[in-house]
Amino acid sequence: LTATVLPDDAENKTVTWSSSDTKIASVSDAGLVTAVAPGSATITARAGGRSATCTVTVEPIAVESVTLDKTNLTLHRDDSETLTATVLPDDATDPKVVWTTSDKAIATVSDAGLVTPVAPGKATITATAGDQSATCTVTVEPDVYVVGKDFNTDLKQSKSFLWKNGVPTPLPFTSTTSIFVSEGDVYVTGWYLDENNDFISALWKNGIITRLETPEGASRSGFNTSSVFVSGGDVYVAGFRANGATFLWKNGHPELLATTGNAHCVFVSGQDVYVAGNRQNATKGFMAAYWKNGTAVDLTDGAYYARVYSIAVAKGKVYAAGTVSIDTELSGRLWTDGVETSLEGTWVYPFAITVSEKGDVYIAGQSDRKAILWKNGEKTELSNNGTAKSVFVYGDDVYVSGGDGNLQHACLWKNGVKELLPDGYEGSSVFVY
């Protein structure tokens, strides 16, 4: 500001400058006004007994833009990631960023931009400064668990793995057969060789392995655990003794289901426990069968060797998938409440069955050495040289585990798209949580 003092010949023409609020604007001895913060202040120039004023209004520097370092983010429930917001211009009066989420049930965000997943789904994270904002779409994926094995052909030895979201963890099994996740606890069945080179079946839970109780009158080794299911806090394991009896373990205690045959799958629906496999009749024929609460239900008459590999119950219907061997050819079968239908293909092994919430029936298996997924009886080839061992439906996504190629590299198919799993020969079971 420039002050003019009159008359020109006044004895004291020295001007003194002052501000009514130096937090808003300051003024130098030469009248230089400097803005400090938004608001209004009065600048006064004094000389002798006279003065003049100037009202100074300091306008805020508005935020012109907000950008985020990521506009899309995919996380699993154990993950977290910090988003970084850039506010321009650098000297904006109020550059403070306010973070919000569109759905706290899916993902939360802290005042520092830390995004934490809560449950599978999509949420929008918004960073706002001034009247500007930027968004990032966060997709929270469910946790995908696969168990399987790796086989060293030179040493003729195998070792087992648990892959969680594609990351492998070694398991203390020679071979694994099944996985189940309940309330965050991970259960895996399999077998290993002990110090006496005995064949031992066991249950692994969150890193702790427990031998299954040996049935009365049986030796400790030679049992194969094939499937695990957890319901109401109870842990059910289906298995069998090689060339011997079929058992169901409940919380580690065995129950004899049949003196001969195999148990391949256990499924719990409400208060009912189903075990699928096969058993021998009086004429030594092996019938495809399942046990409901310990009572056998035969699906074939024993004229041909048959077995059930997998069972599922949905809306009161019992679905069973298995094989019938007729004249040296292996045919795939689906039984719905005991009614038999054939699965398309030759030399079919329907290893796993599941029913989606929409009522679609999915079967994973092999046909003529190809990895196959059947949906409501319609066949889709996943690999022209491989095996599909397990299937799981989560929402609209279909997950299949198995092996692909001549060396049977362990892999996971999601909606038909293949992902190879590291250090794996075959994925035997998949669970999505």
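Quick caveat, the model's predicted, so the values are computed rather than measured. (Residues numbered from 1 in each chain as written. Predicted model: local features only at pLDDT ≥ 70, side-chain atom pairs only at ≥ 80, totals over all residues. Heavy atoms only, no water.)

Colleague: What is the right way to look at the environment of Thr 71 in this model?
Modeller: Here Thr 71 shows up in the loop between strand S6 (65-68) and strand S7 (72-76). With relative accessibility at 49%, the residue Thr 71 sits in the partly exposed group. For the pair formed by Thr 71 and Phe 431, sequence separation is 360 residues and the distance between their alpha carbons is 30 Å. At a separation of 3.5 Å, a polar atom in the side chain of Thr 71 contacts the side chain of Asn 72. (Helix = DSSP H or I, 4+ residues; strand = E, 2+ residues; numbered from the N terminus. Buried < 20%, exposed > 50% of the residue type's maximum accessible area, 1.4 Å probe, protein only. Polar contact = N/O pair within 3.5 Å; in protein donor to acceptor, adjacent residues only side chain to side chain.)

Colleague: In this structure, what is going on with the packing of aromatic side chains? I would like to understand it.
Modeller: One pair of aromatic rings is described through two measures. These are the centre distance and the angle between the planes. Under the defined criterion, the tally for this structure stands at 10 aromatic pairs. Aromatic pair Tyr 349 and Phe 351: ring centres 5.7 Å apart, planes at 15 degrees, arrangement stacked. On the accessibility criterion, Tyr 349 (25% relative accessible area) is partly exposed. Among the aromatic residues, those joined into a ring-pair cluster are Phe 180, Phe 229, Phe 267, Phe 392 and Phe 431. Between Lys 389 and the ring centre of Phe 351, over which it is positioned, the NZ or CZ distance is 5.2 Å. (Phe/Tyr/Trp six-rings, centres within 6.5 Å; stacked < 30°, edge-to-face > 60°. Lys NZ or Arg CZ within 6 Å of the ring centre and 35° of its normal.)

Colleague: What's the story with the side chain of Ser 226 in this structure? I'm lost.
Modeller: The topology assignment puts Ser 226 in strand S22 (residues 223-231). Overall, the relative accessible area of 12% leaves Ser 226 in the buried class. There is a polar contact of 2.5 Å between the side chain of Ser 226 and the backbone oxygen of Ala 263. With residues up to four places along the chain from it excluded, the contact list for Ser 226 reads Thr 177, Ser 178, Thr 189, Ala 238, Gly 239, Ala 263, His 264 and Cys 265. (Contact = heavy atoms within 4.5 Å.)

None of this, on its own, says anything about what the molecule does.
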